[in-house]
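Below, each chain spelled out in residue letters.
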Amino acid sequence: MIFILTGAGISRESGIDTFRDKGGLWEKVRVDDVATLRGFRKDPKRVYEFYDMRRRELASGKILPNPAHLALARLEQSGREVFLVTQNVDDLHERAGSRNVVHMHGELLKALCSLCGASSRWEGDLGGGDACPACGRSGGLRPDVVWFGEMPYRMDEIEFACSRADVFVSIGTSGAVYPAAGLVRIAKAHGASSLEINLEPSLTAGSFDGGRYGPASRTVPEWVEQLACKIM
Ligand code: OAD
């Protein structure tokens with residue numbers, strides 16, 4: 001089984017900012033303000049607006065899957081067993097045709113109700129007064145995005161898949177955020193070979209058996225094509 005972990009770098013060439021590159025999102029806004037529960041409680045309007053802006057950008061029609069997303073969808077469709085985990089909150093893997101995508105950091109196009117716990121599809125702007133589509137109550141909705149200090153989604157399933165992987169591939173992630181950055185070690189401890197595909201060596205590059213460096217729109221399709229010929 002091929003375990004694939006993707007991060008913001010895979011969506012960069014689709015026009016979505018990464019977080020930690022020069023000019024990235026965390027240079028424009030403070031993590032504490034927009035990506036923590038504390039920040040949300042302090043200034044919910046600001047947090048709603050930050051995610052509204054990103055949701056609108058995603059729906060603008062200008063953001064499209066790039067050749068890297070498309071190549072991963074082809075890999076899944078080729079019949080190989082693929083477990084695709086993304087840290088990204090965009091829907092570009094799905095739009096490229098990937099069927100089984102685990103969004104460990106949540107999804108921009110969903111709202112989470114803190115009153116009933118339901119996660120509902122949400123495409124428009126989101127505000128404190130909106131009613132939850134599941135329970136009908138107002139006042140509990142927030143973006144269904146995992147914030148710092150919160151547990152990423154589906155970790156048991158993700159770690160189990162890591163332990164079963166023959167190959168672990170990390171694409172477009174800086175390796176700065178745990179637990180995602182530690183998954184390669186779990187896979188390796190269970191015998192997987194590992195490959196990093198990134199613009200440049202990441203913070204955790206030393207944990208991988210090999211690396212392929214350059215823009216994802218080139219390196220990912222190349223890797224997928226070579227895999228089809230059984231070369232790694
Ligand atoms: P980062 O912004 O930390 O890292 C993006 C990585 O992508 C960097 O290593 C870049 O070198 C690389 N990169 C940039 N352009 C690329 C390209 N065209 N092709 C290939 N690689 C490219 O983003 P993540 O690692 O995804 O969490 O960040 C992890 C988490 O931190 C995010 O999910 C988010 C953030 O805070 C939450 O919001 C909870």
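Refer to the structure printed above.
In this text, all values refer to a predicted model and were calculated from it rather than measured experimentally.

A.B. asks: Would you take a moment to explain the environment of Ala35 for this structure?
C.D. replies: Structurally, the position occupied by Ala35 is in the loop between α3 (31-34) and α4 (37-42). The class for Ala35 is buried, based on a relative accessible area of 4%. For the pair Ala35 and Ser11, spaced 24 residues apart in sequence, the C-alpha separation works out to 20 Å. Excluding residues within four positions of it along the chain, Ala35 makes contact with Trp26, Tyr51, Trp147 and Phe148.

A.B. asks: Please explain the sheet that holds strand β7 (residues 167-171) as it appears in this structure.
C.D. replies: Each strand in a sheet pairs with another by means of backbone hydrogen bonds, the pair being arranged parallel or else antiparallel. Spatial strand order, β3-β2-β1-β7-β8-β9: six strands in an open sheet with parallel pairing. The open sheet has two free edges, formed respectively by β3 (101-103) and β9 (210-213), since each of these has just one partner strand. On average, each strand axis in the sheet is inclined to that of its neighbour by 20 degrees, with strand direction left out of account. Looking at chain direction, strand β1 (residues 2-6) and strand β2 (residues 82-86) are connected through five bridges and run parallel. Residue pairing for β2: Phe3 is matched across the bridge by Phe83. Packing against the sheet, helix α8 (residues 155-164) makes contact with β1, β2, β3 and β7, and its axis sits at approximately 135 degrees to β2. Of the strands in this sheet, β1, β7, β8 (193-198) and β9 touch helix α10 (residues 216-228), which is tilted by about 130 degrees from β9.

A.B. asks: So what exactly am I meant to see when it comes to the site of the ligand here?
C.D. replies: As a matter of local geometry, the ligand sits amid 24 residues, with Ala8, Phe19, Arg20, Thr173 and Ser174 nearest to it. Take Gln87: an N or O atom from its main chain is 3.2 Å from an oxygen atom of the ligand. Here Asn198 contributes a side-chain N or O atom positioned 2.9 Å from an oxygen atom of the ligand. For the shell around the ligand, a count of residues per class yields nine nonpolar, ten polar and five charged. Two domains share the shell around the ligand, each providing at least three of its residues, namely domain 1 (1-15 + 65-105 + 152-232) and domain 2 (17-62 + 108-145).

A.B. asks: Which parts of the structure should I look at to understand the sheet that holds strand β6 (residues 141-145)?
C.D. replies: Spatially, three strands are ordered β5-β4-β6 in an open sheet, and the strand pairing comes out antiparallel. Strands at the two margins of the open sheet, each flanked by one partner only, are β5 (119-121) and β6. Across the sheet, the mean angle separating the axes of adjacent strands is 45 degrees when strand polarity is ignored. Strands β4 (106-113) and β6 of the sheet are contacted by helix α5 (residues 44-58), whose axis makes an angle of about 135 degrees with β4.

A.B. asks: Explain the side chain of Gln87 here, please?
C.D. replies: Mapped onto the elements of the fold, Gln87 is located in the loop between β2 and α7 (92-96). The buried category is assigned to Gln87, whose relative accessible area is 12%. Within polar-contact distance, the side chain of Gln87 engages the side chain of Thr173 at 3.0 Å. Aside from chain neighbours lying at most four places away, what touches Gln87 is Leu5, Thr6, Gly7, Met104, His105, Thr173 and Ala180.

Here is what the cut-offs are and how they apply
Residues numbered from 1 in each chain as written. Predicted model: local features only at pLDDT ≥ 70, side-chain atom pairs only at ≥ 80, totals over all residues. Heavy atoms only, no water. Helix = DSSP H or I, 4+ residues; strand = E, 2+ residues; numbered from the N terminus. Buried < 20%, exposed > 50% of the residue type's maximum accessible area, 1.4 Å probe, protein only. Contact = heavy atoms within 4.5 Å. Pairing = 2+ DSSP bridges. Axes fitted to C-alpha atoms, helices over the stretch in contact; angles between N-to-C directions. Near = heavy atom within 4 Å. Polar contact = N/O pair within 3.5 Å; in protein donor to acceptor, adjacent residues only side chain to side chain. Nonpolar A, V, L, I, M, F, W, Y, C, P; charged D, E, K, R; others polar. Domains from an automatic or database assignment.

Purely geometric numbers; function is a separate question.
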